[in-house]
Amino acid sequence: MTEQVLSPQGQQCLQALMRVWFEFERQLGRVPLLQRLERGQFSKADYSVTAELAPAGDRRLTLDQPLRLEFRP
Amino acid sequence: MSVFITSSGHFLPGPPISNAEMEPLLGLVHGKPSRLKRRILQSNGIHTRHYAIDANHNTTISNAGMAAGAAEHCLKDSFLGKRQIKMLSAATSQGDIVLPGFGSMLQAELGLSDIELHSSHGICSSSMMALKAAFTNLLAGEQPNALVVASELTSRLFKASRYEAAGSALDFNAEFLRWMLSDGAGALLLEAQPRGRCFRIDWLRSFSHTDAYPVCMSVGYPGDNPQNRSWQDYATYAEAEAAGALLIRQDVRLLENIVKLGVDGYLRLISEGRVQPAKVDHVLCHYSSHYFRGKIFDMMQRAGVGIAEHKWYSNLYSRGNTGCASIFIMLDEFRRSQHYQNGDTILCMVPESGRFNNAYMQLTVVEA
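Described in the following lines is the structure provided in the data block. (Residues numbered from 1 in each chain as written. Chains lettered and ligands numbered in written order. Predicted model: local features only at pLDDT ≥ 70, side-chain atom pairs only at ≥ 80, totals over all residues. Heavy atoms only, no water.)

## Comments concerning the pairing of strand β4 (residues 87-92) of chain B
Residues and elements named next belong to chain B. For β4, the buried fraction is high: six of the six residues fall into the buried class. Alternating positions in β4 separate into two faces, Met87, Ser89 and Ala91 on one and Leu88, Ala90 and Thr92 on the other, with burial throughout. Relative to strand β5 (residues 116-121), β4 runs parallel, the two sharing six bridges. Residue pairing in the sheet places Leu88 in a bridge with Leu117 of β5. Summarising the sheet, β4 and strand β6 (residues 145-152) pair through four bridges and their orientation is parallel. Considered in β6, the bridge of Ser89 is made with Val148. (Buried < 20%, exposed > 50% of the residue type's maximum accessible area, 1.4 Å probe, protein only. Helix = DSSP H or I, 4+ residues; strand = E, 2+ residues; numbered from the N terminus. Pairing = 2+ DSSP bridges.)

Structure representation (structure tokens):
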């Protein structure tokens, strides 16, 4: 942040966006894979694709806990 | 029903200790002066603090003894005697003994009879949790009054011999708090009725984020700890100490999170309508270091929810960072030394870095 937002609407928007960003960071912090990376507990097993894939042939990479973002203006 | 802070007190052991006097008192680790001390002291801005140990590393007063001193000071200025106290709610990060709870030891030290007891264990925000327990107890009509006491005696962890027992290498995270924390106790008396000029507690809220962040400040883990081994997992306490698991540590890499999480809680309270920045007359924020004051202030200012600098009060620089006791010691000194008027709003903030629990409280000055 290098510029200060001066209009009331702009400030309200900035405050809401700050909270969204802080919540997004917390959501990331709740992802087990990222927690293991952050805490130096990332192991060879974490490289295994099967450990992180959804069952029944779903090839999309999933995380133990899905990311959810809520925006409350 | 409202709850009022009708008295307060503090206890700071021994004389003020200057920056130059710190290391001779705590001791040279392996006979060498610290290379980090100057940098950390410059950053935290603390000029003097108090210790409950002397230069020979004898404990001059126990943690429970300091807490009792603050409680006595609080009661001396109050309308109540010890026999009228109905609840004791106590907080510390580390009591003199592991068990029983700190509140039990403090009750005995104070000689209070037949009270309801609560012990709050944690780091800086544990005093606010103890205060919340007492506040809600009074709000529920369970008790007419409560003595809330917070006390810290961390200097015992900072003796040179502690670091020497943990081996030759002294890492930054283990040394950091040696130049940050010191000893002291604060106490507040809560009553369900106002007396003279006092502070009404409008609300007290906290937001904890331990599910999203790792441990940032701890006693019980060794420095390098991929197996999540705690001090109790070693065969002997001597092994735990040799592994550095009994040192107090701060993960400095994570510490910056305190700024945004502190502001996040403040923004939440604004959106809930609890805080109206323009109506706040005084801010008492327990920032652990002057470095963070600027960061918190700047982020609030840029978000358009800043509070004018002249409204901020802190005695961190002269009384030191006394962990959970800080906010009570600050409020006590504010009450005794600062100018305020009936109707003034006081916002108290305690952002805790232990594992990121942030507590906030709003007070209003009233007169019975």
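## Some points on the packing of helix α3 (residues 63-76) of chain B against helix α4 (residues 102-110) of chain B
Each pair of packed helices can be summarised by the angle the axes make with each other and by the distance between the axes. Residue and element names in this part refer to chain B. Where α3 meets α4, the axes come as close as 9 Å, and the angle between the chain directions of the two elements is 60°. Overall, the two elements α3 and α4 adopt an arrangement that is oblique. Judged by the twist between their axes, the crossing of α3 over α4 is right-handed. Contacts from Asn63, Ala64, Gly65, Ala67, Ala68, Ala71 and Glu72 in α3 reach Phe102, Met105, Leu106, Glu109 and Leu110 in α4. (Axes fitted to C-alpha atoms, helices over the stretch in contact; angles between N-to-C directions. Parallel < 35°, antiparallel > 145°, perpendicular 65-115°, else oblique. Left-handed = near helix turned anticlockwise from the far one by under 90°. Contact = heavy atoms within 4.5 Å.)

## Section: the interface of chain B and chain A
Of the residues lining the interface, 23 residues belong to chain B; the matching set on chain A comes to 20 residues. For the pair chain B and chain A, the summed buried area comes to about 1,900 Å², and 49% of that belongs to carbon and sulfur atoms. Along the contact surface separating chain B from chain A lie four salt bridges. At the boundary of chain B with chain A, the tally comes to seven residue pairs in polar contact (both at pLDDT 80 or more). Breaking the side of chain B that touches chain A down by element, the ones donating at least two residues are α9 (252-255), α10 (257-271) and α11 (290-302) of chain B. Counting residues per element, the side of chain B that touches chain A draws most heavily on α10(B), at seven residues. Its residues assigned to classes, the side of chain B that touches chain A shows eleven nonpolar, five polar and seven charged. (Buried area = accessible area lost by both parts, 1.4 Å probe. Salt bridge = Lys/Arg side-chain N within 4 Å of Asp/Glu carboxyl O. Polar contact = N/O pair within 3.5 Å; in protein donor to acceptor, adjacent residues only side chain to side chain. Nonpolar A, V, L, I, M, F, W, Y, C, P; charged D, E, K, R; others polar.)

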